[in-house]
Amino acid sequence: MFRAVLLCTLLCASSVRATCPSLCECSEAAQTVKCVSKDLREIPSGIPGYTRNLFILGNHITRIGPESFKGLENVTNLSLSNNRIAEVESQAFGGLRSLRSLDLSGNQLTLIHPEALAVPSGPLRDLNLSRALYNHSALVDLATALRWGMLGSLQQLDLSANRLVLLPPAMFAHLPALRRLLLANNSLVALHNGTFLGLELLDELDLTQNAFRTLRRGALRELDGLGGARLLLGGNPFTCTCGLEDFIAWLNGTGGRVADGDQLACAFPLDLHNTSLRGLGGRALGCHGDTAGEGADLALQTSYVFLGVVLGFVGVVFLFVLYLNRKGIKRWVTDVREACRDILEGYHYRYEMDSDPRLGQLSTSADL
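Numbers given to residues run from 1 along each chain, matching the order in which its sequence is written. Totals for whole chains, interfaces and linings use all residues, but because this is a predicted model, local features are given only for residues with pLDDT of at least 70 and pairs of side-chain atoms are given and counted only at 80 or more. As a convention, hydrogens and water are excluded, and side-chain values are obtained from all of the structure's heavy atoms.

Chemist: Can you walk me through the overall build of the protein chain in this structure?
Modeler: The way it works is that DSSP assigns letters per residue, a run of H or I at least four long becomes a helix, a run of E at least two long becomes a strand, and they are numbered from the N terminus. Each helix and strand in the protein chain was counted, giving 7 helices and 15 strands. Taking the intrachain contacts of the protein chain between residues at least 6 apart in sequence as the baseline, contacts between residues at least 24 apart amount to 61%. For the area figures, the Shrake-Rupley method with a 1.4 Å probe applies, and any residue is considered shielded solely by the protein chains shown. Of the roughly 21,100 Å² of accessible surface on the protein chain, a fraction of 57% belongs to carbon and sulfur atoms. Contact between two residues is taken to exist if any of their heavy atoms lie within 4.5 Å; hydrogens are not considered.

This is the structure in structure tokens:
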């Protein structure tokens, strides 16, 4: 009887070890399952319970739901990149109680439910969403999901290459443990008050390859609020005009906090192209010219303004005088017109006399 029970136990254990989805590769020794480019339409069933590293890549899965990962409480690292995922439902990863790293990069997320990223006990440390957001509405959904996801332990968030232009205020306020925030290769043009609220522990902020032409005082205050975080700002098209003066002064005063500060250069105008920002001052930007010349220009402009005011006043007075004397002017115009008519008739009569010889002789006889 004992032998039968032992044999049954060994057979059951063997069948458990042999369990693996037909289109996946499983390694119990490495506690890893890979389902790569198998044209899967959904998360496969039958994934072994021993799995700690789960890679489902390059398939055609469009939706992740709360039933997708049931029974996989041991999964620590989950990669779902390049699957064309469009929707992530609430509690989609709720069964992954040990999940520390989640990779959703390279998808087409259009709908992210409020509790889509929630994991019990909040063990998630690394969240990769690079090249994952389909449009701006997905960014708004993500901001809500970050708020309701209980991600108090998240340390790294990758939002690079998502064509982001502006970030919602206080988007990261519910990520108090965040250490590394990657926003590279987007189209960010400005940082508003409250953008990085709550990120007191941040160690690194990557803003390279965006669309910053300058960073104004409000944006500089945002960066100052990050304490000693390492900043990366390279690859932005800085326009070296007077509007950049505050940023250059701030850059020169930060020391080594901007890790790539020595590589920052002007993109425009062309005569300053590739000129290092650290070496520029107000005079090089054309902000502070000759003071005396500026005073002379200002005096000349004032004179022109005063002359214009005087001429305008004279014109108004002249029109007012004409209005008051409109009857006399009308009578004078009528008299002038009559006098001109008489003169023209006299010239006309003389012309007729000179052009006809007979009238000329008649006139002479009459004179005799």
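Having seen it, we continue.
Chemist: When you look at empty space enclosed by the protein in this model, what are you seeing that I'm missing?
Modeler: For each structure, a 1 Å grid was placed over the protein atoms alone; sets of points admitting a 1.4 Å probe that cannot get out are labelled cavities, open sets with protein on both sides within 12 Å along at least five of seven lines are labelled pockets, and lining residues have an atom within 4 Å of a point. Grid points are joined across faces, edges and corners, and a volume is the space filled by probe spheres set on the points. Within the structure shown, the criterion is met by 1 cavity of 30 Å³ or more. The volume enclosed by the largest cavity comes to roughly 40 Å³. Throughout this entry, Asp, Glu, Lys and Arg are counted as charged residues, while Ala, Val, Leu, Ile, Met, Phe, Trp, Tyr, Cys and Pro are counted as nonpolar. The remaining residues, Gly among them, count as polar. The residue makeup of the lining of the largest cavity, split by class, is 8 nonpolar, no polar and no charged.

Chemist: Would you explain a nonpolar patch on the surface in this entry?
Modeler: To count toward a patch, a residue needs a relative accessible area above 30% and no salt bridge. Like charges then connect within 9 Å, nonpolar side chains (Val, Leu, Ile, Met, Phe, Trp, Tyr) within 5 Å. What counts as a salt bridge is simple: a side-chain nitrogen of Lys or Arg found within 4 Å of a carboxyl oxygen of Asp or Glu. Taken together, F318, L319, L322, I329, W332, V333 and V336 make up a surface patch of nonpolar side chains, about 660 Å² in accessible area. When residues of the nonpolar patch are traced back to their parent elements, those giving at least two are α5 (291-324) and α6 (326-355). The dominant element in the nonpolar patch, judged by the number of residues it contributes, is α6, at 4 residues. Inspection of the secondary structure puts V336 in helix α6.

Chemist: Even after reading the chapter, I still don't get helix α2 (residues 136-148), so can you show me in this structure?
Modeler: Every α-helix carries 3.6 residues per turn, so stepping three or four residues along brings you back to the same face. Taking 1.5 Å of rise per residue, 13 residues should cover 18 Å, and α2 covers 19 Å from first to last C-alpha, within 8% of that figure. For the exposure calls, accessible area comes from a 1.4 Å probe over protein chains only, and a residue counts as buried if that area is under 20% of its type's maximum, exposed if over 50%, partly exposed in between. Taken together, the buried positions of α2 are A138, L139, L142, A143, A145 and L146. With its buried residues spanning 165° around the axis, α2 presents them on a single face. Contacts made by the buried residues of α2 are with β8 (111-112), β9 (126-128) and β10 (156-158). Of the residues flanking the end of α2, it is M150, one or two places downstream, whose phi is positive at about 50°. In this analysis, the expected span of each helix is defined as 1.5 Å times one less than the number of residues it contains. The directions from the helix axis to the C-beta atoms are what the arc is built from.

Chemist: In this structure, what is going on with the nonpolar core? I would like to understand it.
Modeler: Proteins that are soluble and globular tend to have nonpolar side chains buried together. Definition used in this section: a nonpolar core is a set of buried Ala, Val, Leu, Ile, Met, Phe, Trp, Tyr and Cys residues joined via side-chain atoms within 4.5 Å. Among the nonpolar cores identified, the biggest contains 82 residues, and F93, L157 and F172 are the most heavily contacted of them. Every element with two or more residues in this core is listed here: β2 (32-36), β3 (53-57), α2, α3 (217-224) and α4 (245-253). Considering every element that reaches this core, the biggest residue donor is α2, with 6 residues. Setting aside residues up to four positions removed in sequence, L157 forms contacts with L127, L129, L146, F172, L175, L178, R180, L181 and L182.

Chemist: Any chance you could explain the sheet that holds β8 here in plain terms?
Modeler: Note: strands within a sheet are paired through backbone hydrogen bonds, in either parallel or antiparallel orientation. Two strands are said to pair when DSSP picks up at least two bridges between them. In spatial order, the strands read β4-β6-β8; together these 3 strands make up an open sheet with parallel pairing. Looking along the sheet, the strands with just one partner apiece sit at the ends: β4 (63-64) and β8.

Chemist: Looking at this structure, how should I read the packing of aromatic side chains?
Modeler: The geometry of an aromatic ring pair is captured by the separation of the ring centres together with the interplanar angle, meaning the angle of the planes. Ring pairs are drawn from Phe, Tyr and Trp, using the six-membered ring of Trp, whenever the two centres fall within 6.5 Å, and their geometry is named by plane angle: stacked under 30 degrees, edge-to-face over 60, tilted for the rest. Applying the stated criterion across every chain, the model contains 4 aromatic pairs. On the numbers, 5.9 Å between centres and 25° between planes, the contact of F69 with F93 is stacked. With a gap of 24 residues between them, F69 in the loop between β4 and β5 (77-79) and F93 in the loop between β6 (87-88) and β7 (101-103) connect regions that are remote in the sequence. With centroids separated by 5.9 Å and ring planes inclined at 25°, the aromatic side chains of F247 and W250 adopt a geometry described as stacked. Separated by 3 residues within a single helix, F247 and W250 lie in helix α4, roughly one turn from each other. On the basis of relative accessibility, which here comes to 0%, the residue F247 falls in the buried class.

Chemist: Would you explain the state of the cysteines in this entry?
Modeler: Structurally, a disulfide amounts to a covalent bond that connects the sulfur atoms of two cysteines. Cysteine sulfur atoms are paired as a disulfide whenever they come within 2.5 Å of each other. Tallied over the entire structure, the rule returns 4 disulfides. Note on cysteine connectivity: C20 is disulfide-linked to C26, with sulfurs 1.9 Å apart. Around the S-S axis, the bridge from C20 to C26 shows a dihedral of about 80° and counts as right-handed. Among the residues examined, C26 registers a relative accessible area of 28% and is labelled partly exposed. Here C242 engages in a disulfide with C287; their sulfurs sit 2.3 Å apart.

Chemist: Even after reading the chapter, I still don't get the pairing of β2, so can you show me in this structure?
Modeler: Two elements, strand β1 (residues 25-27) and β2, share 3 bridges in a ladder whose sense is antiparallel. The residue of β2 that forms the bridge with E25 is K34. If you look at the hairpin formed by β1 and β2, you'll find 4 residues sitting between the two strands, and Q31 has a positive phi there, around 55°. Direction of pairing for β2 relative to β3: parallel, over a ladder of 5 bridges. Bridge pairing links C35 to I56 in β3.

Chemist: Before we go on, may I ask you to explain the environment of R100 in this structure?
Modeler: By the element assignment, R100 lies in the loop between β6 and β7. Distance from R100 to N77, taken between C-alpha atoms, is 6.1 Å for residues 23 residues apart in sequence.

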